[in-house]
Structures are given as C-alpha cells and as structure tokens.
Amino acid sequence: MGLKRYALLGLGAAGYAYFKKKENREKAKLAFDDSKVKVSQAIDQAKQSYYDYKNKDQETHQHEDEKMMSEGAQTSVQYYNEQQEQLDDIEKGSTENKTQL
C-alpha cells in the first residue's frame, strides 16, 4: 500500500514540474484537443459503419423475406388450385353417377 502511495506522489510531483512551464501546458492542451477530435471522428466513423452494416443487413433480410413470401404465395395458390380441382372432380363424379341411375 505504501509503494502505491509513493508512486502516485512521484507521478504528481513529475506532473507539477512538467506543467509548471506555460509552454508545456499549451503543448499538453493542444495534444489533448487533437486527441479529443481524433477520438470523436473515430466514434462517428464507427457509428456510420455500424448503421451502414445494419441497413445493408436489413435490406438483405427484406429481399429474402419478399422472395420467401412470393414463393410461399405461389405454393399456397398452387395447393388451393389442386384442392379445388379435386373437389371439382369429386363433384363431377357424383353428378355423373346420379345421371347414370
């Protein structure tokens, strides 16, 4: 515990000695402002990449959903038509049987 305290005290003393000069304070302020701008730009770029990825992924899913729905709709219409044809065949068969009697 004592070692940490001395390390922090030494670090504080070194910082004070460095920032004592106005020139060093100005350099540090410029470096901090520059770093802040770079970090902000990196965050904005990461957000844009994320939004682009999500939108592209969503568009892909929409296209796949539309394709699936169109294929599903064709399948259901085909099934309905087959059922109707079978019912028609059954009805024709029963009317033919009645006319023969």
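Caption draft 1: Seen up close, the overall build of the protein chain. Counting its secondary structure elements, the protein chain contains two helices and zero strands. Taken over 101 residues, the protein chain has a buried fraction of 1%. Accessible surface, the protein chain as shown: approximately 9,800 Å² in total, 58% of it carbon and sulfur.

Caption draft 2: Up close: a negative patch on the surface. On the surface, Glu 82, Glu 85, Asp 88, Asp 89 and Glu 91 cluster together into a patch of negative charge. Structurally, Glu 85 is set in helix H2 (residues 22-100). For Glu 85, a relative accessible area of 51% corresponds to the exposed category.

Caption draft 3: The arrangement of the side chain of Asn 24 in detail. For Asn 24, the location among the structural elements is in helix H2. With a relative accessible area of 12%, Asn 24 lands in the buried category.

Caption draft 4: Quick peek at the packing of aromatic side chains. Tallied over the entire structure, the rule returns two aromatic pairs. Ring geometry for Tyr 18 and Phe 19: centres 5.2 Å apart, planes at 80°, overall edge-to-face. Of the residues examined, Tyr 18 reaches a relative accessible area of 39% and is grouped as partly exposed. Assessed through its relative accessible area of 40%, Phe 19 is described here as partly exposed.

Caption draft 5: Quick peek at the pattern of salt bridges. Taken as a whole and judged by the stated rule, the model has three salt bridges. Lys 27 is the partner of Glu 23 in a salt bridge, and the nearest nitrogen-oxygen pair spans 3.5 Å. With Glu 23 and Lys 27 both in helix H2 and four residues apart, the pair spans about one turn of that helix. When its relative accessible area of 51% is taken as the criterion, Glu 23 is described as exposed. Asp 33 is the salt-bridge partner of Lys 29, the closest N and O atoms lying 3.8 Å from each other. Note that Lys 29 and Asp 33 are positioned in helix H2 at a spacing of four residues, about one turn of the helix. For Lys 29, a relative accessible area of 56% gives the class exposed. Under the relative-accessibility criterion, Asp 33 is labelled partly exposed at 28%.

Rules behind the numbers
- Residues numbered from 1 in each chain as written.
- Predicted model: local features only at pLDDT ≥ 70, side-chain atom pairs only at ≥ 80, totals over all residues.
- Heavy atoms only, no water.
- Helix = DSSP H or I, 4+ residues; strand = E, 2+ residues; numbered from the N terminus.
- Buried < 20%, exposed > 50% of the residue type's maximum accessible area, 1.4 Å probe, protein only.
- Areas by Shrake-Rupley, 256 points an atom, 1.4 Å probe, with all protein chains shown as cover.
- Patch = residues over 30% accessible without salt bridge, like charges linked within 9 Å, V, L, I, M, F, W, Y side chains within 5 Å.
- Salt bridge = Lys/Arg side-chain N within 4 Å of Asp/Glu carboxyl O.
- Lys, Arg positive; Asp, Glu negative; His and termini not counted.
- Charge placed at Lys NZ, Arg CZ, Asp CG, Glu CD.
- Phe/Tyr/Trp six-rings, centres within 6.5 Å; stacked < 30°, edge-to-face > 60°.

By themselves, these observations are geometric and do not establish any function.
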